[in-house]
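Residue-level listing of the chains:
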Amino acid sequence: KIYSLVKKFSKPSGNRYLKKVNNIKLTNNFIKDRNDLQKIVEKKYPVTTEAFKQIQKEQYEIFCAKQNGYGPDNISLGTPLQTKDQVRISLVCIFIRMNDKIQRMKNMLLGTPVERIEAAKVEPLEDTYIDISNYAIIARIVKSDRWGK
């Protein structure tokens, strides 16, 4: 029963998903709200959920260190991100950075042995995963008009 309920609400993304989950008002063995869903998943997959939380914490610490060093202008390109064009250009630049990381990951996973060794010398695969994930979060922050504030 829970699986079919979660599956029903798993297609929407972002805030739409959370709004739908928050609107669930069922009793007995069904999910009552988002916190219940988290408890169910944490109980069913304790090692995975703990790892997920730890990785998010590490990524946040890395984000803070880089943000402290770069400031917001490396993402906003020195603009106030007030117009649709400024936001679009910022998102395109984030896409380009993510694509650079994805191409590195592709070389590390699918490249020739020489390409894999050379790519690993520059940046470990784990760092590439972190950067891609953080850039995705940054893109969401830029798109929601909360970057650099």
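Residues numbered from 1 in each chain as written. Predicted model: local features only at pLDDT ≥ 70, side-chain atom pairs only at ≥ 80, totals over all residues. Heavy atoms only, no water.

1. What about the nonpolar core?
No. 1: Counting residues in hydrophobic clusters, the biggest one holds 12 residues: Ile-75, Leu-81, Val-87, Ile-94, Met-98, Met-105, Ile-132, Tyr-135, Ile-138, Ala-139, Val-142 and Trp-147.
No. 2: Going through the elements one at a time, helix 6 (84-110) and helix 8 (125-143) are the ones with two or more residues in this core.
No. 3: Broken down by element, this core gets its largest block of residues, five residues, from helix 8.
No. 4: Other than its neighbours up to four places away in sequence, Tyr-135 contacts Ile-75, Ile-94, Arg-97, Met-98 and Lys-101. (Core = buried A, V, L, I, M, F, W, Y, C linked by side-chain atoms within 4.5 Å. Buried < 20%, exposed > 50% of the residue type's maximum accessible area, 1.4 Å probe, protein only. Helix = DSSP H or I, 4+ residues; strand = E, 2+ residues; numbered from the N terminus. Contact = heavy atoms within 4.5 Å.)

2. Thoughts on the packing of aromatic side chains
Note on aromatic pairs: each is described by the distance of the centres and the angle between the planes.
No. 1: The final tally for this structure, using the stated rule, is two aromatic pairs.
No. 2: Plain terms: the ring middles of Phe-63 and Trp-147 are 6.2 Å apart, the flat faces sit at 65° to each other, and that makes the pair edge-to-face. Taken together, the residues span a long stretch of sequence, with Phe-63 in helix 4 (residues 46-70) and Trp-147 in the segment after helix 8 at a distance of 84 residues.
No. 3: What makes Trp-147 buried here is its relative accessible area of 8%.
No. 4: Every member of this aromatic cluster is reached through a ring pair, and the members are Tyr-60, Phe-63 and Trp-147. (Phe/Tyr/Trp six-rings, centres within 6.5 Å; stacked < 30°, edge-to-face > 60°.)

3. Details of the pattern of salt bridges
No. 1: Following the criterion strictly, the structure yields eight salt bridges and no others.
No. 2: In this structure, Glu-61 and Lys-57 form a salt bridge, with 2.7 Å as the shortest nitrogen-oxygen distance. One end of the pair, Glu-61, and the other, Lys-57, are both in helix 4, four residues apart, so they sit about a helical turn from each other.
No. 3: On the accessibility criterion, Glu-61 (42% relative accessible area) is partly exposed.
No. 4: The residue Asp-131 makes a salt bridge to Lys-66 at a minimum N-O spacing of 3.1 Å. A residue pair is termed long-range when its members are at least 10 positions apart, and Asp-131 in helix 8 and Lys-66 in helix 4 qualify at 65 residues.
No. 5: Take Asp-131: its relative accessible area is 10%, and that puts it in the buried class. (Salt bridge = Lys/Arg side-chain N within 4 Å of Asp/Glu carboxyl O.)

4. Thoughts on the packing of helix 6 against helix 7 (residues 113-122)
No. 1: Put simply, helix 6 and helix 7 touch, their axes get as near as 7 Å, and they point 130° apart. Viewed along their axes, helix 6 and helix 7 adopt a mutual orientation that is oblique. The hand of the helix 6/helix 7 crossing is left-handed. Contacts between helix 6 and helix 7 involve Arg-104, Asn-107, Met-108 and Leu-109 from the former and Glu-115, Arg-116, Ala-119, Ala-120 and Val-122 from the latter.
No. 2: Tallied by class, residues from the contact of helix 6 with helix 7 come to five nonpolar, one polar and three charged. (Axes fitted to C-alpha atoms, helices over the stretch in contact; angles between N-to-C directions. Parallel < 35°, antiparallel > 145°, perpendicular 65-115°, else oblique. Left-handed = near helix turned anticlockwise from the far one by under 90°. Nonpolar A, V, L, I, M, F, W, Y, C, P; charged D, E, K, R; others polar.)

5. A short note on the side chain of Ser-76
No. 1: Tracing the chain through its elements places Ser-76 in helix 5 (residues 73-76).
No. 2: Those residues in contact with Ser-76 that sit more than four places away from it in its chain are Leu-81, Ser-90 and Trp-147.

6. Section: the confidence of the model for the protein
No. 1: On average, residues of the protein carry a pLDDT of 85, and 77% of them reach 70 or more.
No. 2: In this model residues 24-28 is a low-confidence stretch, pLDDT under 50, and it forms 10 contacts with partners more than four residues away in sequence or in other chains. (pLDDT = per-residue confidence, 0-100.)

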